[in-house]
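Tertiary structure, described
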Amino acid sequence: MVNYLEPTSFMYVTGHLITAVLEKWSVEKYAADIQKAGLILPQTPEIIAITLIKAFGQSLKFEKALLGEVFYFEYVGIKRKDTRDFCLEHMGKTFHLEEIMKMNNGELVPCIIFGGGWGCHHYWEPVPFYKS
Ligand SMILES: [Zn+2]
């Protein structure tokens, strides 16, 4: 078994993410691929797969917004019975990029890409005409 947090393991999972997205793998296929690698993971392969696919999309959305000089983002998504405190606190509110960069979801992954953390269903939506 290889520790997921080692660079080679991280490169395996994220490297296969690009393949998964480009070849339109299902979450199940990507999760099975992650499982097959025999890595020690911080979450189940399914949670890893869902989270990284979402993170990939969120990253592209940020890059696109910044190219358009959009710096404000609203935290959006639905409330569920297991919604994290971080998400409840930020849902429906708009923040400047610099504020988001300083946020801490307590899961050692950046809020700007991962929102509330592993398996979070919330995301940052650009707000082009926001007046602070
Ligand atoms: Zn969330």
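So, here is what we can say about the structure in this document. Since we're looking at a predicted model, the values are computed, not measured.

The topology assignment puts Met11 in helix H1 (residues 7–22). Note: C-alpha distance between Met11 and Ser132 (121 residues apart in sequence) is 39 Å.

Another aspect to go through is the sheet that holds strand S4 (residues 94–96). Spatial strand order, S4-S3-S5: 3 strands in an open sheet with antiparallel pairing. Pairing within the sheet leaves two strands with one partner each, and these edge strands are S4 and strand S5 (123–126). Strand-to-strand twist of the sheet, defined as the mean angle between neighbouring strand axes without regard to direction, takes the value 40°. Relative to S4, strand S3 (residues 72–76) is paired through 3 bridges, and the arrangement is antiparallel. Following the sheet pairing, Glu74 is matched in S4 by Thr94.

The next thing to look at is the environment of Lys79. Inspection of the secondary structure puts Lys79 in the loop between S3 and helix H4 (85–90). Lys79 sits in the exposed class, given 11 other C-beta atoms within 10 Å. In sequence terms Lys79 and His122 are 43 residues apart; their C-alpha atoms lie 9.2 Å from each other. In this structure, Lys79 is in contact with Leu88 and Met91, ignoring residues within four places of it in sequence.

Turning to the packing of helix H2 (residues 27–36) against helix H3 (residues 45–67), a few remarks are in order. With their axes 8 Å apart at the nearest point, H2 and H3 run at an angle of 120° to one another. Classified by the angle between their axes, H2 and H3 sit oblique to one another. Considering only the axes of H2 and H3, their crossing is right-handed. Between H2, through Val27, Tyr30, Ala31, Ile34 and Gln35, and H3, the contact on the second element is made entirely by Pro45, Glu46, Ile48, Ala49, Ile50 and Ile53. For the contact of H2 with H3, the residue count by class is 9 nonpolar, 1 polar and 1 charged.

Let us now look at the pairing of S3. Pairing geometry for S3 and S5, over 4 bridges, is antiparallel. Looking across to S5, one finds that Glu74 is bridged to Glu125.

Here we take up the environment of Gly119. One can find Gly119 in the loop between helix H6 (111–114) and S5. Sequence spacing of Gly119 and Ala55 is 64 residues, and the spatial spacing of their C-alpha atoms is 10 Å. Apart from residues lying up to four places away in sequence, Gly119 is in contact with Gln43, Ile47, Ile50 and Thr51.

Here the focus is H3. Between its first and last C-alpha atoms H3 spans 33 Å; for 23 residues at 1.5 Å apiece the expected length is 33 Å, and the two agree. Turning to H3, its buried residues number three or more, namely Pro45, Ile48, Ala49, Thr51, Leu52 and Ala55. Downstream of H3 by one or two residues, Glu69 has phi in the positive range, about 60°.

Parameters and conventions
- Residues numbered from 1 in each chain as written.
- Predicted model: local features only at pLDDT ≥ 70, side-chain atom pairs only at ≥ 80, totals over all residues.
- Helix = DSSP H or I, 4+ residues; strand = E, 2+ residues; numbered from the N terminus.
- Pairing = 2+ DSSP bridges.
- Axes fitted to C-alpha atoms, helices over the stretch in contact; angles between N-to-C directions.
- Buried ≥ 20, exposed ≤ 12 C-beta atoms within 10 Å, placed from the backbone.
- Contact = placed C-beta atoms within 7 Å.
- Parallel < 35°, antiparallel > 145°, perpendicular 65-115°, else oblique.
- Left-handed = near helix turned anticlockwise from the far one by under 90°.
- Nonpolar A, V, L, I, M, F, W, Y, C, P; charged D, E, K, R; others polar.
- Expected span 1.5 Å × (residues − 1).

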